[in-house]
Amino acid sequence: MKHDEFVGQLQHRAHLGSRGEAEGAIRATLETLADRIPEATAHHLAAQLPPEIAESLLHGTAERLDLDDFFKHIAEREHKSLATAAFHARLVFSLITQVVSPGIMLKVRRELPESFGMLFLPERGAGTERHAHA
């Protein structure tokens, strides 16, 4: 999946008003993920994403965030509510899972606490959802 398609998919699924909002959600989620996983894992994941998206993974700090703090950091970066940030993070993870190999997603999953498992669940209604205002 190319950058424009990735951003467009997130914009559509999250019902965002602009591509800029979608890019902000992607950047906030991936920068926070990069802060949570080891640098080597972040680089492996980045290697399988479009370069414009991958750059958000390349400067993490490997903090030990729990899931609530993970969502709080995303909300702060995105300047959105905690609920909106959590929703966007789940959608970003859903898209990443479609783009990268199962092996790298397993590696990312293993680096995170069990509580992060909900980020790896399939998006409800993925592929079957239809919106008249698309």
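Our subject is the structure listed above.
Draft legend 1. Representation of the overall build of the chain. Assigned secondary structure in the chain consists of seven helices and zero strands. Radius of gyration (C-alpha) of the chain: 14 Å, near the 14 Å computed for a compact globule of 134 residues. Overall, the C-alpha framework of the chain stretches about 40 × 30 × 25 Å when taken along its three principal axes. Here the chain, with 134 residues, has 43% of them falling under the buried criterion. When contacts within the chain are restricted to residue pairs at least 6 apart in sequence, long-range pairs at least 24 apart make up 69% of them. Here the chain displays about 7,200 Å² of accessible surface, and carbon together with sulfur accounts for 52% of that area. Where the 15 positive side-chain charges of the chain centre and where its 19 negative ones centre are 5 Å apart.

Draft legend 2. A look at the environment of V7. Among the structural elements, V7 can be located in helix 1 (residues 3–13). In this structure the C-alpha to C-alpha distance between V7 and G20, which are 13 residues apart in sequence, comes to 8.8 Å. Contact partners of V7, with chain neighbours within four places excluded, come to R19, A22, E23 and I26.

Draft legend 3. Region of interest: helix 1. Every buried residue belonging to helix 1 is among H3, F6, V7, L10, Q11 and R13, and all of these are buried. In this structure, the buried residues of helix 1 make contact with helix 2 (19–36), helix 4 (51–54) and helix 6 (82–99).

Draft legend 4. Fine view of the packing of helix 1 against helix 6. Two elements in contact, helix 1 and helix 6, have axes separated by 10 Å at closest approach and are oriented at 140°. The angle between helix 1 and helix 6 places the two elements in the oblique class. Crossing angle aside, the handedness with which helix 1 passes helix 6 is right-handed. For the pair formed by helix 1 and helix 6, the contact residues are F6, Q9, L10 and R13 on the first element and F87, H88, L91, V92, S94, L95, I96, Q98 and V99 on the second. Split by residue class, the contact of helix 1 with helix 6 holds eight nonpolar, four polar and one charged.

Draft legend 5. Summary view of the nonpolar core. In terms of nonpolar packing, the biggest core is built from 42 residues, with L33, L45, L49 and F70 touching the most fellow members. Counting only elements with at least two residues in this core, the list comes to helix 1, helix 2, helix 3 (39–46), helix 4, helix 5 (67–78), helix 6 and helix 7 (102–111). Counting residues per element, this core draws most heavily on helix 6, which supplies nine residues. In contact with L33, other than residues within four places in its own chain, are L45, L57, F70, F93, V108 and L112.

Draft legend 6. Representation of the packing of helix 2 against helix 6. It is at 9 Å that the axes of helix 2 and helix 6 come closest, and there the two elements cross at 80°. Of the possible angle classes, the one that applies to helix 2 and helix 6 is roughly perpendicular. Residues A25, I26, T29, L30 and L33 of helix 2 form the contact with helix 6, whose own contacting residues are H88, A89, V92, F93 and I96. In the contact of helix 2 with helix 6, the residues fall into eight nonpolar, two polar and no charged.

So, how was this worked out
- Residues numbered from 1 in each chain as written.
- Predicted model: local features only at pLDDT ≥ 70, side-chain atom pairs only at ≥ 80, totals over all residues.
- Heavy atoms only, no water.
- Helix = DSSP H or I, 4+ residues; strand = E, 2+ residues; numbered from the N terminus.
- Rg over C-alpha atoms; globule rule 2.2 N^0.38 Å.
- Buried < 20%, exposed > 50% of the residue type's maximum accessible area, 1.4 Å probe, protein only.
- Contact = heavy atoms within 4.5 Å.
- Areas by Shrake-Rupley, 256 points an atom, 1.4 Å probe, with all protein chains shown as cover.
- Lys, Arg positive; Asp, Glu negative; His and termini not counted.
- Charge placed at Lys NZ, Arg CZ, Asp CG, Glu CD.
- Axes fitted to C-alpha atoms, helices over the stretch in contact; angles between N-to-C directions.
- Parallel < 35°, antiparallel > 145°, perpendicular 65-115°, else oblique.
- Left-handed = near helix turned anticlockwise from the far one by under 90°.
- Nonpolar A, V, L, I, M, F, W, Y, C, P; charged D, E, K, R; others polar.
- Core = buried A, V, L, I, M, F, W, Y, C linked by side-chain atoms within 4.5 Å.

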